[in-house]
Every structure is written in structure tokens, then in C-alpha cells.
Amino acid sequence: MTPPSIPPVHGSTPSAPPSPLDLGGRTALVTGAAGGIGRACALRLAAAGAKVRAVDRDAAGLEALAERAQDLGVAVEPHVLDLTDLDAAEQAAAGTDVLVNNAGLQLVRPIEEFPPDTFHTVLTVMLEAPFRLIRGALPHMYEQGWGRIVNVSSVHGLRASAFKSAYVAAKHGLEGLSKVAALEGAPHGVTSNCVNPGYVRTPLVEKQLADQARAHGIPEERVLAEVMLQDSAVKRLIEPEEVAEAVAYLCGPQASFVTGTSLVLDGGWTAH
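Summary of the structure given here. (Residues numbered from 1 in each chain as written. Predicted model: local features only at pLDDT ≥ 70, side-chain atom pairs only at ≥ 80, totals over all residues. Heavy atoms only, no water.)

1. Points about the packing of helix 1 (residues 36-47) against helix 9 (residues 240-251)
Applicable threshold: In this analysis, axes come from line fits to C-alpha atoms, helices being fitted only over the stretch in contact, and the angle between any two N-to-C directions falls in the range 0 to 180 degrees. A run of DSSP states H or I qualifies as a helix once it reaches four residues; a run of E qualifies as a strand once it reaches two. Both are numbered from the N-terminal end. Oblique is the label for any angle not covered by the other classes, which are roughly parallel (under 35 degrees), roughly antiparallel (over 145) and roughly perpendicular (65 to 115). Each crossing gets its handedness from the near helix: less than a right angle anticlockwise from the far helix is left-handed, clockwise is right-handed. Any two residues whose heavy atoms approach within 4.5 Å at even a single point are treated as in contact. Three categories are distinguished: nonpolar for Ala, Val, Leu, Ile, Met, Phe, Trp, Tyr, Cys and Pro, charged for Asp, Glu, Lys and Arg, and polar for the others, with Gly belonging to the last.
It is at 8 Å that the axes of helix 1 and helix 9 come closest, and there the two elements cross at 50 degrees. Considered as vectors, helix 1 and helix 9 are oriented oblique to each other. Handedness of the crossing formed by helix 1 with helix 9: right-handed. Within the contact between the two elements, helix 1 uses G36, I37, A40, C41, R44 and L45 and helix 9 uses P240, E241, V243, A244, E245, V247, A248 and C251. Tallied by class, the residues present in the contact of helix 1 with helix 9 amount to 10 nonpolar, one polar and three charged.

2. Here's the deal with the environment of L81
Applicable threshold: Burial classes: relative accessible area under 20% of the type maximum marks a residue as buried, over 50% as exposed, and values in between as partly exposed (1.4 Å probe, protein chains only).
Secondary-structure assignment places L81 in the loop between strand 3 (76-80) and helix 3 (86-92). Given a relative accessible area of 9%, L81 falls into the buried group. Residues L81 and T31 lie 50 residues apart in sequence; the distance between their C-alpha atoms is 9.1 Å. L81 has contacts with V55, D56, R57, A88, A89 and A92, leaving out every residue within four places of it along the chain.

3. Overview of helix 1
Because an α-helix packs 3.6 residues into every turn, residues spaced three or four apart end up facing the same way. Note the cut-off: By definition here, a helix of n residues has an expected span of 1.5 Å times n minus one.
Spanning 12 residues, helix 1 covers 17 Å between terminal C-alpha atoms, matching the ideal 16 Å at 1.5 Å per step. Most of helix 1 is tucked away: nine of the 12 residues are buried. Two residues or fewer past helix 1, G49 is found with a positive phi of approximately 105 degrees.

4. Topic: the nonpolar core
For clarity, the cut-off: Take the buried residues of types Ala, Val, Leu, Ile, Met, Phe, Trp, Tyr and Cys, join any two whose side-chain atoms come within 4.5 Å, and each joined set is a nonpolar core.
Counting 37 residues, the largest nonpolar core has L45, V52, L65 and V100 as the members making the most contacts within it. Once residues lying within four places of it in the same chain are set aside, the contact partners of V52 are A28, V30, A42, L45, A46, A75, V76 and E77. Residues A88, A89, L177 and V190 belong to the second largest nonpolar core, which totals 31 residues.

5. Considering empty space enclosed by the protein
To keep things clear, this is the line we draw: Points on a 1 Å grid over protein atoms alone make up a cavity when a 1.4 Å probe fits among them but cannot get out, and a pocket when they form an open set with protein on both sides within 12 Å along at least five of seven lines; lining residues each have an atom within 4 Å of a point. Grid points are joined across faces, edges and corners, and a volume is the space filled by probe spheres set on the points.
Tallied over the full model, the rule gives one cavity of 30 Å³ or more. In this model, the largest cavity occupies a volume close to 70 Å³. N101, N102, A103, M126 and P130 are the residues nearest the centre of the largest cavity, which is lined by 13 residues in total. Element by element, the count of residues in the lining of the largest cavity is highest for helix 4 (residues 116-144), at five residues. Looking at the lining of the largest cavity residue by residue, the classes come out as nine nonpolar, three polar and one charged.

6. Quick notes on the environment of R236
Stated precisely, the cut-off is as follows: Any N or O atom pair separated by 3.5 Å or less is treated as a polar contact, with the protein-specific requirement of one donor-capable and one acceptor-capable atom, and with residues adjacent in sequence counted only for side-chain atom pairs.
In this structure, R236 sits in the loop between helix 8 (223-228) and helix 9. On the basis of relative accessibility, which here comes to 43%, the residue R236 falls in the partly exposed class. The spacing of R236 and A225 is 11 residues in sequence and 9.0 Å in space, taken between C-alpha atoms. Not counting chain neighbours up to four residues away, the residues in contact with R236 comprise L229 and E242. Within the structure, R236 has its side chain in polar contact with the side chain of E242 (distance 3.0 Å).

7. Looking at the sheet that holds strand 1 (residues 27-31)
For clarity, the threshold we go by: When DSSP locates at least two bridges between a pair of strands, those strands are taken to pair.
One open sheet accounts for seven strands, arranged 3-2-1-4-5-6-7; its pairing is parallel. Two strands lie at the open edges of the sheet, namely strand 3 and strand 7 (262-265), each paired on one side alone. Sheet twist, expressed as the mean angle between neighbouring strand axes with direction ignored, is 15 degrees. Across four bridges, strand 6 (residues 190-197) lies against strand 7 in parallel orientation. Residue C194 lies in a different strand from strand 7, and its bridge partner there is S262. Against the sheet, helix 5 (residues 165-185) engages strand 5 (147-152), strand 6 and strand 7, with an angle of about 155 degrees to strand 6.

8. Focus on the state of the cysteines
As a reminder, the rule being used: Cysteine sulfur pairs qualify as disulfides if the two atoms are within 2.5 Å.
Under the definition given, this model contains zero disulfides. As a non-bridged cysteine, C251 has C41 as the owner of its nearest cysteine sulfur, 8.6 Å distant. Exposure remark for C251: the relative accessible area of 3% places this residue in the buried category.

Printed below as a string of C-alpha cells:
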């Protein structure tokens, strides 16, 4: 007996060659877009044709991003916003087709010395704000039957390091939030995933050097090799543009079946 054929899922053409990322007509929102990973993501998605809402509290950084985008002939709309204003964050996400939750902050301190107000701020910006942004974006995504949520997590969303209680807690929470969004969004054509880089060449990492040196009791010049890259098989920092390519992949047609998971870019950090 010939087994019954299974019709292809809409948009699934296994025999077709890979399609380039085309986000023409789509609106993407990227948080923490004034620098680092967020800036790279904003430019990458704009290059794919998306109209990008670049969200950050750094007005000068957003202005520089907009000038760079103009030079490249792509569309980036600066949106100055402090993500601790949760109502404003949710409103900013309305009508977006692609949401990249990237904004973050870091403080390296032992738990007994960690300021409670900073712990609260980190959780607000890196976990509660992504929840509110997702909440604001989903009605439009559900209505049109398509959406992409990419949460820029970290190896610290999968593993812990000492002296990073708030950051690790926030990233672990973001992983769970992303999975729930994937389960709820699947019937509506919405995917939700995390991208998990190791240490990236960004101002956030550069600012950690002095704190890490103090916490570990070593000179600052030894932090990169002995702390940050100690468990990485590839002994270098990952570049923001490499992370942006992973984000772009998750927005493309080849990734329509990828949801509820974590794409790890850690140079072998978690292979131990």
C-alpha cells in the first residue's frame, strides 16, 4: 500500500534553493540599537528591506546610527526610549513584524555586595521590558499570521558565572519567556527564539574589565584571557555583525520551523 502523501506546509519548499532574506514591507523593532549588537542588528535588518525602529535611551548613539543608515541608503527610525518605562515600551512595539529584544546592562559584584536597586533595574530592562514588548507586538503578528521574535540572550542564559547574579537571572528568565512565546505563537505563524553569544566586542563587555579584575583579584589586562575567554575554545571575542547574521537567519524563510530554541554562538564555551 502506498502511504498517503503529506501536503507541504505553506511556505515550505524543501527542493527550492535557499532564499535571501527579504523583509521588504516589514517593520522591525530593535532595542539597545545605539551600539554593539543592537546597532549591527538594526543595520542588518534594514539592509534586508525592513523599516527599523531603533530603540535606545542614548539619543546621540541613535543619531549616529541614523546617519550611518542614511549613508547606506536604508531606513532606520530613531526612537529614544528608556525601557524602564514599561507602558511606553509596550506601546512602541505595536505594529511590528520583527521584534529583537537586545537591550541589556551589566554589573559584576558578589551577591552580598550587589545593590538591590541595580538588581531590580537589570530585571526590569532585560526581562520585564521584553515581556511588555512581546505583549505589544503579538496582536499585530497574530492578526497577519506572521511574526519573528528574536531575544538576544547569552551563554549566561544557559550557564552561570560568579558575580553576575542579576544578568544571569535575567537571561535565564528571558530563555523561559522566549519558549512560552514560541508555544503560544506557533498556531499564529509567529516564531520566538534566543540567540546566545559568548563575549561580544561591545562597550558592555569592555566596561566589565575593571569590575571583573576587582571581583577576581587579578590585573585588568589578564581578565580577557583568564576570565572571559578561559572556557572558550575559540580564543577571540565574537563580533556584533556575526550575532546580527544569526538574528537575520532566524527571521528568514529557512528558519520557519525553528522556534522555542536557542542558537548558541559561544566558540565552544558550553561544550565543556
